[in-house]
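# Understanding the architecture of this molecule
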Amino acid sequence: MTTRKVRVRFAPSPTGPLHIGGVRTALFNYLFAKKHGGDFILRIEDTDSTRFVEGAEEYINESMEWLGMTIDEGVKQGGDYGPYKQSERRAIYKKYADQLIETGWGYYAFDTAEELDALRAKAEAEKKTFAYDMHTRQHLKNSLSLSAEEVKQRMEAGEPWVIRFKMPEDTTVKTNDMVRGAVTFNTNTLDDKVLYKSADQLPTYHLANIVDDHLMEITHVIRGEEWLPSVPLHIMLYRALGWEESMPLFAHLPLILKPTGKGKLSKRDGDKGGFPVFPLNWQLEDGIAAGYRESGYFPEAVINLLALLGWNPGTEQELFTMDELIELFDIERVNKSGARFDPDKARWFNQQHLVRKSDDELATLYQSVLKEHGHTPDTTYVSQVVSLVKERVNFVSELWEQSAFFFEAPLSYDAKVVKKRWKGDVPAFMTSLTMILEALEKWDAESIKACIAEHIEENGLGFGLVMNAFRLALVGGGFGPDLMTIAEMIGKEETIQRINNAVEKLA
RNA sequence: GGUCCCUUCGUCUAGUGGUUAGGACGCAAGGUUUUCAUCCUUGAAACAGGAGUUCGAUUCUCCUAGGGACUGCCA
């Protein structure tokens, strides 16, 4: 093979929200392209007019943008190989469909969908399988079984027809898959797939795919494992069209499986397990399908976790930036077997990426959450809060429950902690403590601590007991960062106020 | 049913013709944190089964079992 510039494509169908498995396919294409200094193309495969869904194409673009996968050529971006939407390429496909007829690789068929359905049903009733293939084509309504005159008549009468591929007999087709190695098929087990339909003047996936990949000079086809069985057909099509010399290399990715149970990951699994299956939220008739973005995941975390589902660099590193992934990616290291999705590990990836972000960046994100709670504090203060609590959360949204007390007094107190810590002499002591603190001149963590320690000693109380009660008063529960730092940050007045509040409410 | 693909801890995986089969998530215990979380240490946890090749197989081959995909005028 000559050294062509690497060109890969991600070719989704706009039939709904992009699934996380599709996102990973896109990612592996993207990584491969960037790794080899090639082009990443987005092609919209909308040859099924009946399954078109409004907004799906925009959803795909928005997802790619959010995840940071830059598209070099596509419907939006343009390029020298357009159009990039198959419904706009009708004339192109017709030409090659006709070529297949002329060269004898294809034939016209007039069987209706109903007729074929009936044949399938009948075969099934007899515990057999119906296939439109070398054994049956002579007995069906097509240009192979009908006279040339009848074919002509039917077409002139406006009867709908399709073009089918005449799968040759007894031919061994070999492919050398980049992830699976040698795979061999025999054409005898293959059927005559529909390639083109007169009804909507559009090709089916197979023809459109091969024609476009050839015309767009695609060098590597990286797609899901569900396409592996179509490889022999595709290879035969390249052969039939005379393009075998420049045929792209194939790589079939393993599937992403359900966390538990059988089968591949589906929307239902996400609902059941409480994790997203889509990159972005998607409005459904009966609610919304959760997206990673809206669920609080960082795009870099999603990229990271998806990259490691079916691939690894062979080292023990697990956390990567997109640039590192591009640097390290090797399609040969992609696994062959399906990978179960693990929601726990997904959360872990987000936590890891969160901790690695700067306090300022997180503070900016946190500001919008704070605004929803009616607070618009100083950025420096938020940044300080973030630095104290960021290691205890997985998502930005969880920052609030871990740090609300920095912005407002507790509204309630954790009953368990109250029972355990707010007893005996504690209330009286806390009241006396407010006097002492009132008199404290220098309000910083160190001074507060020294002051309280001294007071505890004078009263002969347990240090742990007092500190936990103090925490309860300031925070409302038994959690949070260093208490003295909290007291320093919320200020003297507020600290005393909260102690008084607690004494009053917990009396 | 047919065709094709796959099979290392519960999960994601590394790995080799001779290893104490390594890491991560999760789980458990201990430590740090006078709290919670983080963090640190430790632990339990795997080569699907059976033949064959070989001095020796988790690693190579075959068979079985299990899992998966496809089997549309869908992609």
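That block above? That's the structure.
Residues numbered from 1 in each chain as written. Chains lettered and ligands numbered in written order. Predicted model: local features only at pLDDT ≥ 70, side-chain atom pairs only at ≥ 80, totals over all residues. Heavy atoms only, no water.

### Structural notes on the pairing of strand β6 (residues 181–186)
When strand β5 (residues 172–177) meets β6, the two strands line up antiparallel, connected through 6 bridges. Along β6, the bridge assignment pairs Val173 with Phe185. Hairpin connection between β5 and β6: a loop of 3 residues separates the two successive antiparallel strands. (Pairing = 2+ DSSP bridges. Helix = DSSP H or I, 4+ residues; strand = E, 2+ residues; numbered from the N terminus.)

### Digging into the packing of helix α17 (residues 445–459) against helix α19 (residues 483–490)
The relative placement of two packed helices comes down to the angle between their axes together with the axis-to-axis distance. Direction vectors running N to C along α17 and α19 enclose 115 degrees, while the axes themselves pass 8 Å from each other. In this structure, the crossing between α17 and α19 has a hand that is right-handed. Contacts between α17 and α19 involve Ala445, Ile448, Lys449 and Ile452 from the former and Met484, Thr485, Ala487 and Glu488 from the latter. (Axes fitted to C-alpha atoms, helices over the stretch in contact; angles between N-to-C directions. Left-handed = near helix turned anticlockwise from the far one by under 90°. Contact = heavy atoms within 4.5 Å.)

### Some thoughts on the packing of aromatic side chains
Using the criterion set out here, one finds 20 aromatic pairs in the structure. Each ring, one from Tyr96 and one from Trp243, has its centre 5.1 Å from the other, and the planes form 70 degrees; the classification is edge-to-face. Residue Tyr96 is located in helix α3 (residues 90–102), and its partner Trp243 is located in the loop between α7 (231–240) and β10 (249–253); the two are separated by 147 residues in the primary sequence. For the pair Trp105 and Phe165, a centre-to-centre distance of 5.7 Å together with 10 degrees between the ring planes defines the contact as stacked. (Phe/Tyr/Trp six-rings, centres within 6.5 Å; stacked < 30°, edge-to-face > 60°.)

### Side note on the sheet that holds strand β4 (residues 162–165)
What holds strands together in a sheet is hydrogen bonding between their backbones, with the strands either parallel or antiparallel. The antiparallel open sheet is built from 4 strands, whose spatial order is β3-β4-β7-β8. The strands lining the two open edges of the sheet, one partner per strand, are β3 (106–109) and β8 (202–203). Bridge count between β3 and β4: 4 bridges; the pairing is antiparallel. By the bridge assignment for β4, Tyr108 is matched with Ile163.

### Digging into the environment of Glu441
As for its placement among the helices and strands, Glu441 is situated in the loop between α16 (426–439) and α17. Note on Glu441: relative accessible area 78%, which makes it exposed. Linking Glu441 and Ala307, residues 134 residues apart in sequence, is a C-alpha distance of 56 Å. (Buried < 20%, exposed > 50% of the residue type's maximum accessible area, 1.4 Å probe, protein only.)

### Let's talk about the protein's contact with RNA strand B
Looking at RNA strand B, there are 59 residues lining it, with Asp111, Arg180, Glu318, Arg392 and Phe463 nearest. What you see for RNA strand B is that sugar and phosphate hold 71% of its atoms within 4 Å of the protein. Between RNA strand B and the protein, one listed contact pairs a sugar or linking oxygen with a side-chain N or O atom of Arg51 at 3.3 Å. Within the backbone of Tyr205, one N or O atom sits 3.0 Å away from a phosphate oxygen of RNA strand B. Of all the elements in the fold, those that place two or more residues in the surface near RNA strand B are α4 (113–125), β4, β6, β7 (194–197), β14 (339–340), α11 (343–355) and α18 (463–475). (Near = heavy atom within 4 Å. Polar contact = N/O pair within 3.5 Å; in protein donor to acceptor, adjacent residues only side chain to side chain.)

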